[in-house]
Amino acid sequence: MPKREIGFGRFANRRNEYIMFISTETRINENSKKLFILNTLLWSTAKYPYNEKSNITVTDTIEINLVKEYAGVVILLLELLNNASSTKCYVSKNKFISIFQVMPI
């Protein structure tokens, strides 16, 4: 697994949580094709680091050619937070996960 420095002696990892916000103007329901596409894109993003044996972090762009509508995703910090400190969740003393926002592109 390649190590990627993310500052302060910490490295990016493969164990993260991902969230995708959907506009209130987007009309979807459980049987919607749009929901299926966005859900598939979110799951593919979450599986990407393990499948590719790569670490990802904020501002990474991931090419996922699942549907013609989206070429992939950009990993962002959650827009609703003022700083990144709330996005870190420690699972042990030295291991943590980050919560990232997934934006389809």
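Please refer to the structure higher up on the page.
A.B. asks: Provide a residue-level description of the overall build of the protein, including the pertinent values.
C.D. replies: When its secondary structure is counted, the protein shows 1 helix and 7 strands. In the protein, once contacts between residues fewer than 6 apart in sequence are set aside, the share between residues at least 24 apart is 60%. When the accessible surface of the protein is summed, it comes to about 7,400 Å², and 53% of that surface belongs to carbon and sulfur atoms.

A.B. asks: Summarise the packing of aromatic side chains; cite the residues concerned and give the values.
C.D. replies: Under the counting rule described, the total for this entry stands at 1 aromatic pair. Ring geometry for Y18 and F100: centres 6.4 Å apart, planes at 40°, overall tilted. Placement of Y18 in strand β3 (residues 17-19) and of F100 in strand β7 (residues 96-104) is noted, with a sequence separation of 82 residues between them. Look at Y18 and you get buried, because its relative accessible area is 14%.

A.B. asks: Explain helix α1 (residues 33-52) to me, using residue names and the numbers behind them.
C.D. replies: Along an α-helix, residues three or four positions apart point the same way, because every turn accommodates 3.6 residues. The end-to-end C-alpha distance of α1 is 27 Å, a good match for the 28 Å that 20 residues give at a rise of 1.5 Å each. Most pronounced at A46, the bend in α1 amounts to some 35°, and the proline P49 follows within four residues. Considered for burial, the residues of α1 that qualify are I37, L38, L41, S44, T45 and P49. Buried positions along α1 lie against β3, β4 (61-63), β5 (72-76) and β7. A positive phi of about 50° marks K53, the residue just after α1.

Calculation notes
- Residues numbered from 1 in each chain as written.
- Predicted model: local features only at pLDDT ≥ 70, side-chain atom pairs only at ≥ 80, totals over all residues.
- Heavy atoms only, no water.
- Helix = DSSP H or I, 4+ residues; strand = E, 2+ residues; numbered from the N terminus.
- Contact = heavy atoms within 4.5 Å.
- Areas by Shrake-Rupley, 256 points an atom, 1.4 Å probe, with all protein chains shown as cover.
- Phe/Tyr/Trp six-rings, centres within 6.5 Å; stacked < 30°, edge-to-face > 60°.
- Buried < 20%, exposed > 50% of the residue type's maximum accessible area, 1.4 Å probe, protein only.
- Expected span 1.5 Å × (residues − 1).
- Bend = angle between axes of the 7 residues up to and from the residue.

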